[in-house]
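Residue-level structure breakdown
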Amino acid sequence: MAYGGLLPDTVAANLLLITVATGVVWLGSGWLEESAGELSAYYGLPAVVQGSIVVAVGSSFPEFASVVVAATEGVFDMGVGAVVGSAIFNVLVIPALSGLATDDHDLETNRTVVYKEAQFYMIAVSALVVTFALAVIYVPVPGGPDLVGRVTRPLAAIPLLLYCLYLFIQWQDVGDHDAETAEDVDLRGQWGKLVAGLVAILVAVEGLVGSIDSLARAFGVPEFLAGVTVLAAATSLPDTLVSVRSARGGEGVTSLGNVLGSNTFDLLVAIPVGVLIVGSVPIDFAVAVPMMGVLTLATVLLFAFLRTDLSLSRIESYALLLAYALFIAWVVAETVGATDLVRTA
């Protein structure tokens, strides 16, 4: 129930709140994008670092907020589902839309994005799976299903430490980069706009999580699957806008760097921070691993497309959209019981 029951818990009210909250996420993300771009220019950051760190962290805040809110409201599976579903959406839909937005030209990338960002992101996926596996092996839930364990604060430190390594690598790139800095930037105003965007997104995501949880319970949809679909698409809106706009401006490296950097932040920071806040959370390995497997396949598909001529063609963009449509069809089949690959507890 959103906002502590201040609003009526009806299907119509929840749908309206989801629509309004998504709009607020879009507005707050616009403030984040503008302020992040101005601040990056002021500090002279290279394009790949701007996309994979500054813009990515800002546009990833909805996913981060969804995990934090879900953890505090006792629906952590929905938060994890939002992150995983958003990651799948990011690597399939956003590059595809960015590739189609380049006016009949291929979306250009470079070796830094392909060999550093994409491959480190694959390591991030593996690290999170290992963290979940360690939770099941060493911190099983007493009396619970065999494949349910608790992710504790020490285990959450594993992906966080890996993200620290990622930041160190990016910092080295900043040190090697020589760029002109923008002088006419209103630092106070831009930092204020960034904070305002973060607050707007946090408030909107609280409403999203509560409304989607209510609708999921009303229609009998598991929390994880609701997070993978509806919440994931809503929280991925900022990443979509940022990447498509960058692609239209001829900044393919920034566009793709945002996608991969955003996903890296989501997996290595958003989920662990949710654990740090509440102390420990249960994770169903039987649900998480099939979704992480899909995410791995999606990432490999994107990596293969980007490596061919270091660009993403329109045909490859359509192929990515088709892959996402197949993913949604499978999620629907799981929800209605047509397939049983995701073994919910």
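The rules behind these values
- Residues numbered from 1 in each chain as written.
- Predicted model: local features only at pLDDT ≥ 70, side-chain atom pairs only at ≥ 80, totals over all residues.
- Heavy atoms only, no water.
- Helix = DSSP H or I, 4+ residues; strand = E, 2+ residues; numbered from the N terminus.
- Buried < 20%, exposed > 50% of the residue type's maximum accessible area, 1.4 Å probe, protein only.
- Pairing = 2+ DSSP bridges.
- pLDDT = per-residue confidence, 0-100.
- Patch = residues over 30% accessible without salt bridge, like charges linked within 9 Å, V, L, I, M, F, W, Y side chains within 5 Å.
- Areas by Shrake-Rupley, 256 points an atom, 1.4 Å probe, with all protein chains shown as cover.
- Salt bridge = Lys/Arg side-chain N within 4 Å of Asp/Glu carboxyl O.
- Contact = heavy atoms within 4.5 Å.
- Polar contact = N/O pair within 3.5 Å; in protein donor to acceptor, adjacent residues only side chain to side chain.
- Phe/Tyr/Trp six-rings, centres within 6.5 Å; stacked < 30°, edge-to-face > 60°.
- Axes fitted to C-alpha atoms, helices over the stretch in contact; angles between N-to-C directions.
- Parallel < 35°, antiparallel > 145°, perpendicular 65-115°, else oblique.
- Nonpolar A, V, L, I, M, F, W, Y, C, P; charged D, E, K, R; others polar.

1. Considering unusual backbone geometry
With a phi close to 60°, Asp-309 is a non-glycine residue in the positive phi region. With respect to the helices and strands, Asp-309 occurs in the loop between helix H11 (285-307) and strand E4 (311-312). Residues other than glycine seldom take positive phi values, yet Leu-310 does so here, at roughly 50°. Mapped onto the secondary structure, Leu-310 falls in the loop between H11 and E4.

2. Points about the pairing of strand E2 (residues 148-152)
Counting buried positions over the five residues of E2 gives four, a clear majority of the element. Inspection of the sheet shows E2 paired to strand E3 (residues 280-284) by five bridges, in the antiparallel sense. If you follow Gly-149 over to E3, its bridge partner there is Ile-283.

3. Digging into the confidence of the model for the protein
For the protein, per-residue confidence averages 80 on the pLDDT scale, and 86% of positions sit at 70 or higher. Across the protein, element-level confidence peaks in E2 with a mean pLDDT of 91 and bottoms out in helix H2 (residues 47-59) with 61.

4. What about a nonpolar patch on the surface?
On the surface, Val-11, Leu-15 and Phe-219 cluster together into a nonpolar patch covering about 290 Å² of accessible area. Position of Val-11 among the secondary structure elements: in helix H1 (residues 11-43).

5. Some words on the environment of Thr-235
Mapped onto the secondary structure, Thr-235 falls in helix H8 (residues 223-235). Spatially, the C-alpha atoms of Thr-235 and Thr-22 are 7.8 Å apart, while their sequence positions differ by 213 residues.

6. A closer look at the environment of Thr-240
Tracing the sequence through the fold places Thr-240 in helix H9 (residues 237-248). Each C-alpha atom of the pair Thr-240 and Ile-94 lies 5.4 Å from the other, and the pair is 146 residues apart in sequence. In contact with Thr-240, not counting residues within four places along its chain, are Phe-89, Ile-94 and Leu-97. Looking at Thr-240, its side chain comes within polar contact range of the main-chain oxygen of Ser-236, at 3.0 Å.

7. Focus on the packing of aromatic side chains
Tallied over the full model, the rule gives six aromatic pairs. Seen from their ring centres, Tyr-163 and Tyr-166 are 5.5 Å apart, and the 40° between their planes marks the pair as tilted. You can see Tyr-163 and its partner Tyr-166 sitting in helix H6 (residues 153-176), three residues apart, about one turn around the helix. Aromatic pair Tyr-163 and Phe-265: ring centres 5.8 Å apart, planes at 75°, arrangement edge-to-face. Taken together, the residues span a long stretch of sequence, with Tyr-163 in helix H6 and Phe-265 in helix H10 (residues 252-278) at a distance of 102 residues. Neither Tyr-163 nor Phe-265 differs from the other in exposure class; each is buried.

8. A closer look at the packing of helix H5 (residues 111-138) against H11
The contact between H5 and H11 brings their axes to 11 Å, and the two run at 170°. It follows from the interaxial angle that H5 and H11 lie roughly antiparallel. Grouping the constituent residues of the contact of H5 with H11 by class yields 18 nonpolar, three polar and two charged.

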